Amino acid sequence: MKIDPSFIWLAFVQLLAVIPTTLMITAVSVTAGFVIGLAAAIVRIYNIPLLSQLASAYVTFIRGTPMLTHLLLIYFSLPVLVDAICAQFGWGFKSSSIPMIGFAFISFSITAGAYMSEVIRSGLLAVSRGQLEAAYSVGMTTPQGLRRIVFPQALAASLPNLSNSVIGMLHGSTLAFTVSVVDINAKAQIVAATNWKFFEAYLAAAAIFWGLTFLIEKLTALLEKRINLYNRGGVA
Amino acid sequence: MGAPFDFTFVLDFFPKLASTLGVTLFIVAGSLLVGMIVGIVIALPRLYRIPVLSTCSKVYVSFFRGTPILIQLFLFYYGLPEILQLVQLDLSKAHVLVFVILTYGLHTGAFMSEIIRASVTAVDRGQVEAAYALGMKGHQAFILIVAPQALGVAVPVFANTVIALLKDTSLAFTIGVMEMTGKAQTLGSITQHFIEAYIALAVIYLCISITLQKLLQLAELRLLKHELPDSRDDRGSRDSGDTEDNTARKTFRIQKKRIYTRTAGSMRTEKGGAKL
């Protein structure tokens, strides 16, 4: 078998068409993961009984097991659960009407939630306690103080880790092919198999992922500059 | 989908899955070994600022951190035999595990090199200067003075890498290695009890991760022993140590504390990121 450089470009063009799928999986899982992570982090920081233990168990479990097992577990157990619940209440909903990408969304959100919760927790803990106390002293309530004072600073502190999580989810989205979602990886497999040029197709896929990762990092760097404006020293 | 849920299958699957635990751990150990060697080779040019080579290692690290490991796995599995064919090397009969360990080794090597770089730069420059002042040579200073200190601060991040590697081995089934995930899938399709198989699989992974983490924590305690008596106040209550010894060590305290905080601040060696 000979390496065919022109096919790399051909595969590259075909792969461009499925970038939105990959980005969508990443965006949905990161957004939902952020919400889950925020909830889990706040519950653990405020040490709410029972809930905080639950959140710890969730984070430990997810971080201790591969992302692939989460996906497979959700893929096989969710339909059973949904069907059982629907049968119980007599709803006409069938689990088979859940689109394949839905499983990827749900499972990756759960995965992202655990990693995000650690990132958010460390970000929140990085903001000194005095900031919240100062907020109280000027008459803010706890939600106000959290929203206006603590969260912006925590965001700035955790931005590098957040960007790492986003990149992690981008790379993790390649697993979606196991539940037959056609993302970049799956498309590369299809393109490769139909032309019997595996190496070239994956080279193109790798190039796209490399580029996307670069892009995310550049965007983060820009954002970091903007968001850390408050944090500079000096007088002007 | 499949047969109704039956918890006894979970218990039933444990020993069956555990029989392939060896393959998973073999991949982890093999890739760690390869990764360690690659990591040192990649880190050295950047530590000593060798012109062209350090750019090469930058690109290497960026590529392996900037692309998903699954893509890398396929790339090497399909690409390596073709490339090596150009130099008349036939790899088509090589065992699949060779490709898996090689890919994971090269992947881990990129992270290793970052860890090595971050922890070596975290050691105070004055330590090397002091070593030179005592008449040590370059390699002596590195091996006797810098490496032991760097090792201690590297362990927490190293632990993360090892556990990430363990979890990544679950992808090896995609190119047909019969490790734990592959076994779970087979068991699932034979018995139609997929959920039980994957629950058992998740529990085993969880146990190994926790065990690895605990072991590496012990290693960290051991390696940072030389810092312990001083850092009692900032790292929780630990062995109080000899009081006289404490006062003797006090003079070095600020230096050592700075090593620790600087590492925590400058180390960004998690997964993801392609920064050159």
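Rules behind the numbers
Residues numbered from 1 in each chain as written. Chains lettered and ligands numbered in written order. Predicted model: local features only at pLDDT ≥ 70, side-chain atom pairs only at ≥ 80, totals over all residues. Heavy atoms only, no water. Helix = DSSP H or I, 4+ residues; strand = E, 2+ residues; numbered from the N terminus. Buried < 20%, exposed > 50% of the residue type's maximum accessible area, 1.4 Å probe, protein only. Contact = heavy atoms within 4.5 Å. Areas by Shrake-Rupley, 256 points an atom, 1.4 Å probe, with all protein chains shown as cover. Core = buried A, V, L, I, M, F, W, Y, C linked by side-chain atoms within 4.5 Å. Buried area = accessible area lost by both parts, 1.4 Å probe. Salt bridge = Lys/Arg side-chain N within 4 Å of Asp/Glu carboxyl O. Nonpolar A, V, L, I, M, F, W, Y, C, P; charged D, E, K, R; others polar. Axes fitted to C-alpha atoms, helices over the stretch in contact; angles between N-to-C directions. Parallel < 35°, antiparallel > 145°, perpendicular 65-115°, else oblique. Phe/Tyr/Trp six-rings, centres within 6.5 Å; stacked < 30°, edge-to-face > 60°. pLDDT = per-residue confidence, 0-100. Patch = residues over 30% accessible without salt bridge, like charges linked within 9 Å, V, L, I, M, F, W, Y side chains within 5 Å. Polar contact = N/O pair within 3.5 Å; in protein donor to acceptor, adjacent residues only side chain to side chain. Expected span 1.5 Å × (residues − 1). Arc of directions from axis to C-beta.

## What about the overall build of chain A?
When you go through chain A residue by residue, the secondary structure sums to 9 helices and 0 strands. Shown N-terminal to C-terminal, the secondary structure of chain A runs as helices and strands in the order α-α-α-α-α-α-α-α-α. Dimensions of chain A, computed from C-alpha atoms along their principal axes, come out at roughly 70 × 60 × 30 Å. Within the span of chain A, comprising 236 residues, buried residues form 46% of the whole. Counted over contacts in chain A with a minimum sequence separation of 6, partners at least 24 positions apart contribute 80%. Looking at chain A as shown, the accessible area adds up to about 11600 Å², and 70% of this sits on carbon and sulfur atoms.

## Side note on the nonpolar core
In terms of nonpolar packing, the biggest core is built from 112 residues, with Phe108, Leu175 and Ile184 of chain A together with Ile27, Tyr60, Tyr104 and Tyr198 of chain B touching the most fellow members. Discounting chain neighbours no more than four positions away, the residues touching tyrosine 60 of chain B are Val38, Ile42, Leu106 and Ala110 of chain B. Listed in part, the 6 residues of the second largest apolar core include Val120, Val123, Val128 and Val146 of chain B.

## Some words on the interface of chain B and chain A
The interface is formed by 43 residues belonging to chain B together with 39 residues belonging to chain A. Across the chain B to chain A interface the summed buried area is about 3800 Å²; carbon plus sulfur atoms make up 75%. Counting every contact that joins chain B to chain A gives 0 salt bridges. Put simply, the parts of the chain that give the side of chain B that touches chain A at least two residues each are helix H3 (51-66), helix H4 (69-86), helix H8 (180-191) and helix H9 (194-223) of chain B. Its residues assigned to classes, the side of chain B that touches chain A shows 24 nonpolar, 12 polar and 7 charged.

## Details of unusual backbone geometry
Residue and element names in this part refer to chain A. A positive phi angle, near 55°, is found at serine 180, a position not held by glycine. For serine 180, the position within the fold is in the loop between helix H7 (142-172) and helix H8 (184-195). With a phi close to 55°, tryptophan 196 is a non-glycine residue in the positive phi region. With respect to the element layout, tryptophan 196 can be found in the loop between H8 and helix H9 (198-227). Given the relative accessible area of 54%, tryptophan 196 is considered exposed.

## Describing the side chain of serine 54 of chain B
One can find serine 54 of chain B in helix H3. Ignoring anything within four residues of it in the chain, the contact list for serine 54 of chain B reads Pro45 and Arg46 of chain B.

## Observations regarding the packing of H9 of chain A against H3 of chain B
As a packed pair, H9 of chain A and H3 of chain B sit with axes 9 Å apart at the nearest point and diverge in direction by 95°. When the axes of H9 of chain A and H3 of chain B are compared, the pair comes out roughly perpendicular. On H3 of chain B, the residues touching Ala206, Phe209, Trp210, Thr213 and Phe214 of chain A of H9 of chain A are Val59, Ser62, Phe63 and Gly66 of chain B. Counted by class, the contact of H9 of chain A with H3 of chain B contains 6 nonpolar, 3 polar and no charged residues.

## Let's talk about the packing of aromatic side chains
Counted by the stated rule, this structure contains 20 aromatic pairs over all chains. Ring centres 5.1 Å apart and planes at 80° place the aromatic pair tryptophan 196 of chain A and phenylalanine 198 of chain A in the edge-to-face group. On the basis of relative accessibility, which here comes to 13%, the residue phenylalanine 198 of chain A falls in the buried class. Judged by centre distance (6.2 Å) and plane angle (20°), the rings of phenylalanine 64 of chain B and phenylalanine 76 of chain B are stacked. Taken together, the residues phenylalanine 64 of chain B in helix H3 and phenylalanine 76 of chain B in helix H4 connect sequence positions 12 residues apart. The same class applies to phenylalanine 64 of chain B and to phenylalanine 76 of chain B, which are both buried. Joined through ring pairs, the aromatic side chains of Phe177, Trp196, Phe198 and Tyr202 of chain A together with Phe74, Tyr77, Tyr78 and Phe99 of chain B make up one cluster.

## As for the confidence of the model for chain A
Of the residues in chain A, 97% have a pLDDT of 70 or more, and the chain-wide mean is 88. Predicted confidence in chain A is weakest over helix H1 (residues 5-16) of chain A, with a mean pLDDT of 86, and strongest over helix H2 (residues 19-45) of chain A, with 93.

## Side note on a nonpolar patch on the surface
All names here are of chain B. Together, Leu33, Met36, Ile37, Ile40, Val41, Leu44, Tyr48, Ile50 and Leu53 line one region of the surface with nonpolar side chains, adding up to about 850 Å² of accessible area. Counting residues per element, the nonpolar patch draws most heavily on helix H2 (residues 21-47), which supplies 6 residues. Within the secondary structure, leucine 44 is located in helix H2.

## Focus: the pattern of salt bridges
For the structure shown, the criterion picks out 9 salt bridges over all chains. Measuring nitrogen to oxygen at the nearest pair gives 3.8 Å for the salt bridge that ties arginine 125 of chain B to glutamate 129 of chain B. In this pair, arginine 125 of chain B and glutamate 129 of chain B are both assigned in helix H6 (residues 125-133), 4 residues apart and thus about one turn of the helix distant. When its relative accessible area of 54% is taken as the criterion, arginine 125 of chain B is described as exposed. On the basis of relative accessibility, which here comes to 45%, the residue glutamate 129 of chain B falls in the partly exposed class. Taken together, the shared-partner salt bridges connect Arg44, Arg63, Glu118 and Arg121 of chain A into one network.

## Let's talk about the side chain of threonine 169 of chain B
Counting through the fold element by element, threonine 169 of chain B comes out in the loop between helix H7 (138-168) and H8. Engagement of the side chain of threonine 169 of chain B in a polar contact is seen with the backbone oxygen of leucine 166 of chain B, the distance being 2.4 Å.

## Looking at the packing of H7 of chain B against H9 of chain B
Residue and element names in this part refer to chain B. Between H7 and H9, whose axes approach to 9 Å, the crossing angle comes to 170°. It follows that H7 is roughly antiparallel to H9 by the angle criterion. Within the contact between the two elements, H7 uses Leu151, Gly152, Val155, Pro156, Phe158, Ala159, Val162, Ile163 and Leu166 and H9 uses Tyr205, Ile208, Ser209, Leu212, Gln213, Leu216, Glu220 and Leu223. Its residues assigned to classes, the contact of H7 with H9 shows 13 nonpolar, 3 polar and 1 charged.

## Here we look at the environment of aspartate 168 of chain B
When you line up the elements, aspartate 168 of chain B lands in helix H7. The spacing of aspartate 168 of chain B and isoleucine 69 of chain B is 99 residues in sequence and 7.8 Å in space, taken between C-alpha atoms.

## Quick look at H1 of chain A
Residue and element names in this part refer to chain A. Over its 12 residues, H1 extends 17 Å from the first C-alpha to the last, a length consistent with the 16 Å expected when each residue adds 1.5 Å. Three or more residues of H1 are buried, namely Phe7, Ala11 and Leu15. One face of H1 carries all of its buried residues, which in axial projection span an arc of 75°. Among the exposed residues of H1, those pointing more than 90 degrees away from its buried face are Pro5, Ser6 and Trp9. Elements that come into contact with the buried residues of H1 comprise H2, H8 and H9.

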